[in-house]
Amino acid sequence: MHYRRNYLSGGCYFFTLVTHQRKPILTNEPTINALRQAFKTVQKRHPLRIDAIVILPDHLHCIWTLPEEDHDFSTRWRLFKGMVTKNRQIDTPIWQNRFWEHTLRDESDLHNHTDYIYFNPVKHGYVHQPVAWPYSSFHRDVARGLYPADWGGNPLLPDDIGNE
């Protein structure tokens, strides 16, 4: 199968990365630490803004905005995945080979995908409200006044959000 990526300088993208064979390893403490370190290192070398993120045991979703002159999210993900694998010092694969990407079209698309990200731990039954999930930028957005702490997600989100 031939994959076509939409590389747009300064683009805003929704991503999904899944662990190899959906192994629930991302939320254990050594992996969380490796994820944090990899994001910091990649951001120093290849700037990006993380607009929203949630890390679940077997996958993560995030929204990135790239600098105006840059479109290369693939290199960032390649470096990130490699750093996490190296920092965890695991011989078995951590990640599925590819990642899923969607170019966000407008503010409404961004808002819907951010809601999807923050509601994802509730959708999967890990917590009853997004504020209870520790591995999410939801807490940052509550502190910024973008979401109320008691926001519970939008159960009326279209089923295809995040699955285009």
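Residues numbered from 1 in each chain as written. Predicted model: local features only at pLDDT ≥ 70, side-chain atom pairs only at ≥ 80, totals over all residues. Heavy atoms only, no water.

A.B. asks: What should I look at first to understand the nonpolar core in this one?
C.D. replies: As a rule of thumb, nonpolar side chains are buried together in soluble globular proteins. In this structure, F15, W64, W77, F80 and W95 are the most contacted members of the largest nonpolar core, which totals 27 residues. Residue assignment for this core shows that the elements contributing at least two residues are β1 (12-18), α1 (29-45), β2 (49-55), β3 (59-65) and α2 (73-88). With sequence-adjacent residues up to four places away left out, W64 is seen in contact with G11, C12, Y13, F15, F39, L48, R49, I50, D51, F73, R76 and W77. Counting 17 residues, the second-largest nonpolar core is a separate cluster that includes A52, L56, F119 and Y147. (Core = buried A, V, L, I, M, F, W, Y, C linked by side-chain atoms within 4.5 Å. Buried < 20%, exposed > 50% of the residue type's maximum accessible area, 1.4 Å probe, protein only. Helix = DSSP H or I, 4+ residues; strand = E, 2+ residues; numbered from the N terminus. Contact = heavy atoms within 4.5 Å.)

A.B. asks: Could you clarify how one ought to interpret the side chain of D51 in this entry?
C.D. replies: Mapped onto the elements, D51 comes out in strand β2. If sequence neighbours within four positions are ignored, D51 has contacts with C12, I63, W64, T65, Y118, S137, R140 and D141.

A.B. asks: Would you explain the packing of aromatic side chains in this entry?
C.D. replies: Geometry of an aromatic ring pair is reported as the spacing of the ring centres plus the angle between the planes. Evaluation of the coordinates by the stated rule reveals 23 aromatic pairs. Taking 5.3 Å as the distance between ring centres and 75 degrees as the angle between the ring planes, the aromatic pair formed by Y118 and F138 counts as edge-to-face. Of this pair, Y118 sits in helix α3 (residues 107-123) while F138 sits in helix α4 (residues 138-143); the two residues are 20 residues apart in sequence, bridging distant segments of the chain. The exposure class of F138 is buried, given its relative accessible area of 0%. Aromatic pair F138 and W151: ring centres 5.9 Å apart, planes at 35 degrees, arrangement tilted. With F138 in helix α4 and W151 in the segment after α4, this residue pair connects regions lying 13 residues apart in the sequence. One aromatic cluster is present, built from ring pairs that chain together Y7, Y13, F15, F39, W64, F73, W77, F80, W95 and F99. Just above the ring of F99 sits the side chain of R5; from NZ or CZ to the centre is 4.0 Å. (Phe/Tyr/Trp six-rings, centres within 6.5 Å; stacked < 30°, edge-to-face > 60°. Lys NZ or Arg CZ within 6 Å of the ring centre and 35° of its normal.)

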